[in-house]
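The primary structure of each chain is shown beneath.
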Number of protein chains: 2
Amino acid sequence: MVTRKEVAELARVSEATVSRVFNGLGPMKPATRERVLAAAKQLDYHPNAIAQSFARRRSGNLGVVLPYMPKVHLFSAYYFAEILSGIGEQVREQGYDMLLSLLKPDESLDYTRLYRSQKVDACVILGSIDTPQQRQSLEQLQDQGLPFCLVNQRFEGLSFHEVDADHVEGSYQAVRHLQDEGYRKIAFLNGSPHYSNSGDRLQGYMKAMCDAGLEVLPELLLEGNYSRKSGYEAADQLWEHREQVEAIFAANDRMAIGLMQGLRERGWIAGRDFAVVGCDDSDAAKLSDPPLSSINVPFYEMGKEAARGVLAGVLHGEGANNPRIKLPTRLVVRQSSKSSHNK
Amino acid sequence: MVTRKEVAELARVSEATVSRVFNGLGPMKPATRERVLAAAKQLDYHPNAIAQSFARRRSGNLGVVLPYMPKVHLFSAYYFAEILSGIGEQVREQGYDMLLSLLKPDESLDYTRLYRSQKVDACVILGSIDTPQQRQSLEQLQDQGLPFCLVNQRFEGLSFHEVDADHVEGSYQAVRHLQDEGYRKIAFLNGSPHYSNSGDRLQGYMKAMCDAGLEVLPELLLEGNYSRKSGYEAADQLWEHREQVEAIFAANDRMAIGLMQGLRERGWIAGRDFAVVGCDDSDAAKLSDPPLSSINVPFYEMGKEAARGVLAGVLHGEGANNPRIKLPTRLVVRQSSKSSHNK
DNA sequence: TTGTACGCGTTATCAT
DNA sequence: ATGATAACGCGTACAA
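Residues numbered from 1 in each chain as written. Chains lettered and ligands numbered in written order. Predicted model: local features only at pLDDT ≥ 70, side-chain atom pairs only at ≥ 80, totals over all residues.

S.K.: Provide a residue-level description of the nonpolar core, including the pertinent values.
M.R.: Val124(A), Leu259(A), Val124(B) and Leu259(B) are the most contacted members of the largest nonpolar core, which has 171 residues in total. When sequence neighbours within four positions are dropped, the list of residues in contact with Leu259(A) reads Leu189(A), Gly231(A), Tyr232(A), Ala234(A), Ala235(A), Ile248(A), Ala250(A) and Val276(A). (Core = buried A, V, L, I, M, F, W, Y, C linked by C-beta atoms within 7 Å. Buried ≥ 20, exposed ≤ 12 C-beta atoms within 10 Å, placed from the backbone. Contact = placed C-beta atoms within 7 Å.)

S.K.: Describe the pairing of strand S1 (residues 61–66) of chain A, naming the residues involved and giving the relevant values.
M.R.: All names here are of chain A. For S1, a buried count of six out of six residues is recorded, marking the element as mostly surrounded by other parts of the structure. Side chains Asn61, Gly63 and Val65 project from S1 onto one buried face, and the interleaved Leu62, Val64 and Leu66 project onto a second face that is buried too. Here six bridges tie S1 to strand S2 (residues 97–102), and the two strands are oriented parallel to one another. Bridging from a neighbouring strand, Val65 pairs with Ser101 of S2. (Helix = DSSP H or I, 4+ residues; strand = E, 2+ residues; numbered from the N terminus. Pairing = 2+ DSSP bridges.)

S.K.: Can you explain the interface of chain B and chain A? Please cite residues and give values.
M.R.: Between chain B and chain A, the contact holds 38 residues from the first and 38 residues from the second. Mapped by element, the contributors of at least two residues to the side of chain B that touches chain A are helix H4 (49–56), helix H5 (78–93), strand S2 (97–102) and helix H12 (283–287) of chain B. Considering only residue class, the side of chain B that touches chain A consists of 18 nonpolar, ten polar and ten charged. Where S2(A) lies against S2(B), three bridges are found, and the strand directions are antiparallel. Across the sheet, residue Leu99(A) finds its bridge partner in S2(B), namely Leu99(B). (Nonpolar A, V, L, I, M, F, W, Y, C, P; charged D, E, K, R; others polar.)

S.K.: Go over the protein's contact with DNA strand C, please, and point to the residues and values.
M.R.: Close to DNA strand C lie 26 residues; Ala16(A), Pro27(A), Met28(A), Arg4(B) and Ala55(B) are nearest. Taken together, the elements giving at least two residues each to the surface near DNA strand C come down to helix H2 (15–23) and helix H4 (49–56) of chain A together with helix H2 (15–23) and H4 of chain B. It is H4(B) that provides the largest number of residues to the surface near DNA strand C, a total of five residues. (Near = placed C-beta within 6 Å.)

S.K.: Give me the sheet that holds strand S5 (residues 162–165) of chain B: which residues, what numbers.
M.R.: Taken together, the twelve strands give an open sheet; going across it, the order is S11(A)-S5(A)-S4(A)-S3(A)-S1(A)-S2(A)-S2(B)-S1(B)-S3(B)-S4(B)-S5(B)-S11(B), and neighbouring strands pair in mixed fashion. Of all strands in the sheet, those bounded by a partner on one side alone are strand S11 (324–327) of chain A together with strand S11 (324–327) of chain B. Sheet twist, expressed as the average angle between the axes of neighbouring strands with direction ignored, equals 25 degrees. Of the strand pairs in this sheet, S5(B) and S11(B) are connected by four bridges, and their pairing is parallel. Across the sheet, Ala165(B) pairs through a bridge with Leu327(B), a residue of S11(B). (Axes fitted to C-alpha atoms, helices over the stretch in contact; angles between N-to-C directions.)

S.K.: Quick one: what's the story with the protein's contact with DNA strand D, residue by residue and with numbers?
M.R.: Among the 26 residues in the neighbourhood of DNA strand D, the closest are listed as Arg4(A), Ala55(A), Ala16(B), Pro27(B) and Met28(B). Contributing elements (two or more residues each) for the surface near DNA strand D: H2 and H4 of chain A together with H2 and H4 of chain B. The element best represented in the surface near DNA strand D is H4(A), accounting for five residues. Of the residues assigned to the surface near DNA strand D, the class counts are 13 nonpolar, nine polar and four charged.

S.K.: Give me the lowdown on the sheet that holds strand S9 (residues 275–280) of chain A, citing residues and values where you can.
M.R.: Residue and element names in this part refer to chain A. The strand order across the open sheet formed by six strands is S7-S6-S8-S9-S10-S12, and the pairing between neighbours is mixed. Among the strands making up the open sheet, the edge pair consists of strand S7 (221–223) and strand S12 (330–332). Averaged over all pairs of adjacent strands, the angle between strand axes in this sheet comes to 20 degrees, irrespective of strand direction. Judged from the three bridges that link them, strand S10 (residues 293–296) and S12 form a sheet pairing that is antiparallel. Bridge pairing in S12 links Ile295 to Leu331. Here helix H9 (residues 196–211) sits on the sheet and contacts strand S6 (186–190) and strand S8 (247–250); the angle it forms with S6, its principal contact strand, is near 170 degrees.

S.K.: Summarise the confidence of the model for chain A; cite the residues concerned and give the values.
M.R.: Per-residue confidence for chain A averages 90 on the pLDDT scale, and 93% of its residues sit at or above 70. Considering only residues more than four positions removed or in separate chains, one finds that residues 71–76 of chain A, a stretch of pLDDT under 50, has 17 contacts. (pLDDT = per-residue confidence, 0-100.)

S.K.: So what's going on with the relation of the copies chain B and chain A? Which residues, and what values?
M.R.: Mapping chain B onto chain A calls for a screw motion: a turn of 180 degrees about the axis and a shift of 0.0 Å along it, with 0.2 Å RMSD after fitting. Taken together, the turn and the small shift mark the pair as related by a two-fold rotation axis. When each C-alpha of chain B is compared by its distance to the rotation axis, Leu99(B) comes out closest, at 2.3 Å. A high fraction, 100%, of the interface residues of chain B reappear at the interface in chain A, so the copies pair face to face through one surface. (Least-squares fit on C-alpha atoms with pLDDT ≥ 70 in both.)

What follows is the structure, encoded as structure tokens:
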């Protein structure tokens, strides 16, 4: 391995000067600079990132924490895919690397392990859920001054660095869209209440119904767990109340698709017999039949913004404030919410 | 930060002894060991991973290289999601971490950059394609003795460490299944020839047709690029030859679904008017209408095996041989390949 | 503008 | 069974 020392010798300067050239520090004679660069090139010298981390006492890594999920479904969601891409883009702009950390169930309570070993300077935490244990773990992180940012999850009452989307407004748009299409009897299939955006979506739904002077029937408020299967099963309940249902807003695309599958088995076709809007605007929305109207959530940008914010804190010492950033959502209309018998 | 020195002082031993305790090295008196562990616990000491990496001259990181894809689609494929999960599982078993590296277009030629900075000890390379530049880059890696493993891609004529699935057999199963269902006129929609498994699939298709004594019509050999859109567009061509088509085998699920969408617009329904089998057995296969028969590829296990192999090389110095591992595929039958008019 | 010298927290080798 | 000590490659304060 070629080290700084060899470059220094070849360029006839001190090792410190070599470092200064590579870090762009201090005033220096262009000629010296050139000599050093030439020597480095000739020797194919590249600074040792580990030694740099050691000396700087910074790893240059951003930890990305993924929640535990049973084996095969860990990364399968479009959700994580997009966020990871956004983080990756930002991280490279800042000269950082991403260290992936897949939590196991029993480790979910101890985030500090990641920092203790000094392998990451900060973390972006994905897919956390609102439980007492989680709150405690995160408060512990905060108390120790370890920088982190949550994506797509808020903890009411606590002040963390969070990047979220405006799910209230997104749901409002979705339900308003259904109303604009002429539907009055609109059901809502929500996901698990452990996610803050489930609450947000309920809020948006209620507001839209209220603003339109429509009644919210308790039997039209369903709850799944964001899986296709839970949407499929919700079709049972919805079918029982089919006289009171013209349209459905589902809290994600997978449940919306499961729901369409379940109702199709009973002869009810989305976009013909009823309307559906999903949430996430994932790939699946384009693949489904009929193509699914959905709320686009800027996951990519959310990941990018989270990485930007938390690294800014590390690099420029802006650790004090904990901004809460909320990015806008956007309705994407496809065939599932256009009723032909309506036109 | 608590260092080894403080632990040594508290336990009244030398720093070397503390290290030995934490690394489980050499014979030592249980009493000493206990004293050290107690002191470490009392001080909440944890070894500094960066200092360890520095001293050991190993980073403890496995690089995971992802190919360049335009912004939003980088991780979107089920494909990468599964492989990453498998790598993650194996890596943690070995006490390693995963360092994600998202290639940009202009960097695809220089993998050595990753190793030069010493931030990774080995790499798993995903989604590489067979081009002269790629071959050259990989050979360069190999020449420099840098350990790496390719997943789901082979380079004929070169001897790399590769983990692949048996796509020939998988395709054979798919086509045989269609034949068993009574279909004789079977088209094949392949993906980009830059992937070795495209060739494998063609081979499996040809063999199954040949074994069954069926003719392979050139106009029934189509090529897309693995996107839904390319499958959708292939429907045009297929429609022109609809008299000669009863069934289609597509080289991945997304194309298969696009194809079904395109033919549906012409009134041709999969599972009723024709049969389809896809490939990957992705989430989309369950979400599509009708649910898509597909070839299950053990991506998770492939990722795990790749990580296992390449880390074994690093840790136990088995760098000399370059095994080529091939994992089995499995046919999953759903509605898209069961023709009702056939029964 | 450049050089000197120390420190970073381990591992690993050699004594004892 | 344990201690002393030399690396490891770089950043950086201070000196010149």
